[in-house]
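Report on the structure
Here's the letter readout for the chains.
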Amino acid sequence: MDADAVINQSIMLSGGERFKTSTIAFNFRDKQYRAKHNNGNYVLERYFTTGHDSIVDRLTNDGFERFINRQRVVVPDSIANLYSASVNSVHYFSVLPIGLNAEAVNKHYVSQVSIKGEPYHKIKVTFNEDGGGEDFDDVFLYWVHSKTYKVDYLAYSYHEGNGLGMRFREAYNERYVNGIRFVDYNNYKPISEEATLLNLDVLFAEDELKMLSKIELEGVRVSYE
């Protein structure tokens, strides 16, 4: 099987073409998020209050900016990189698998597997350092249903202190909002220190993962220019 073909089909069924000119807004935990896309140009925003201050973090093709009470403030590069990664991460996960056809993304077909009696294409995703963002060396796995071509599960590894952290997500509450697919996730981590990213699906089926949290997007709105 061709990994690119599988992911492209999944992106199309998730509203990929519509996404290119969309404005998406939602609430996640105690913050509001808004993303505006215009054929490759983007504005990703996060809004929240702390004390008496209203804060807007904005990430565009040109970089990161922070505004406190509508006034732009200077943020050291090291902190700006952290804020930027945090804003980008929430927006990135909110619309997956949309975004996996970017130039910096490398896709590899692993195998066809079964989870809970359903057939899946198991796809590994890595990123080039050039254009891959701050966490370019993270590794992702996607389980794309062989019949519906929807992503029902995903997993990823990331650097955590001196070691490697891993997460496995199970999609639920699928809904289409104005043509774009959104899901929430049950968020798991492995119990065993012997776990590997590639066998998290097996551990999930054997109930060997611990659920940490739920990833829920609230009040999702989608509009177009």
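What you are looking at is a predicted structure, and each value in this text was computed from that prediction instead of being measured.

**Topic: the packing of aromatic side chains**
- One pass over the full model with this rule turns up 18 aromatic pairs.
- Judged by centre distance (5.4 Å) and plane angle (15 degrees), the rings of Phe26 and Tyr33 are stacked. Comparing Phe26 with Tyr33, the two get one shared label, buried.
- Connected via pairs of aromatic rings, a cluster forms that spans Tyr92, Phe93, Phe127, Phe140, Tyr142, Tyr156 and Tyr158.
- If you follow Lys31 out to its NZ or CZ, it ends over the ring of Phe48, 5.0 Å from the centre.
- One cation-aromatic arrangement involves Arg66 over Tyr83; the distance from NZ or CZ to the ring centre is 4.0 Å.

**Quick notes on the pairing of strand β3 (residues 41-50)**
- As defined by bridge partners, strand β2 (residues 31-38) adjoins β3 across 7 bridges and the pair is classed as antiparallel. Looking across to β3, one finds that Asn38 is bridged to Asn41.
- Inspection of the sheet shows β3 paired to strand β4 (residues 53-60) by 8 bridges, in the antiparallel sense. When the sheet's bridge partners are listed, Thr49 is paired in β4 with Ser54.

**What to know about the environment of Asp207**
- In this structure, Asp207 sits in the loop between α4 (200-205) and β13 (209-215).
- Sequence-wise, Asp207 and Tyr224 are 17 residues apart; in three dimensions their C-alpha atoms are separated by 42 Å.

**Observations concerning the sheet that holds strand β6 (residues 71-73)**
- The strand order across the open sheet formed by 7 strands is β6-β5-β4-β3-β2-β1-β14, and the pairing between neighbours is antiparallel. Both outer strands of the open sheet, β6 and β14 (218-224), are each paired with one neighbouring strand and no more. For this sheet, the mean angle separating the axes of adjacent strands, direction not counted, is 20 degrees.
- In this structure, strand β5 (residues 63-68) lies alongside β6, joined through 3 bridges in antiparallel fashion. Its bridge partner being in β6, Arg66 is matched across the sheet by Val73.
- Contacting β1 (22-28), β2, β3, β4 and β5, helix α3 (residues 77-94) runs over the sheet at an angle of about 110 degrees to β3.

**Concerning the pattern of salt bridges**
- If you walk through the whole model with that rule in mind, you get 14 salt bridges.
- Ionic pairing is found between Glu17 and Lys20, a salt bridge with its closest N-O pair at 3.1 Å.
- Looking at Glu17, the relative accessible area reads 59%, which means it is exposed.
- For Lys20, a relative accessible area of 38% translates into the label partly exposed.
- The closest approach of N and O atoms between Glu45 and Arg34, which form a salt bridge, is 3.4 Å.

About the criteria used
- Residues numbered from 1 in each chain as written.
- Predicted model: local features only at pLDDT ≥ 70, side-chain atom pairs only at ≥ 80, totals over all residues.
- Heavy atoms only, no water.
- Phe/Tyr/Trp six-rings, centres within 6.5 Å; stacked < 30°, edge-to-face > 60°.
- Buried < 20%, exposed > 50% of the residue type's maximum accessible area, 1.4 Å probe, protein only.
- Lys NZ or Arg CZ within 6 Å of the ring centre and 35° of its normal.
- Pairing = 2+ DSSP bridges.
- Helix = DSSP H or I, 4+ residues; strand = E, 2+ residues; numbered from the N terminus.
- Axes fitted to C-alpha atoms, helices over the stretch in contact; angles between N-to-C directions.
- Contact = heavy atoms within 4.5 Å.
- Salt bridge = Lys/Arg side-chain N within 4 Å of Asp/Glu carboxyl O.

By themselves, these are just geometric observations and shouldn't be taken as functional.
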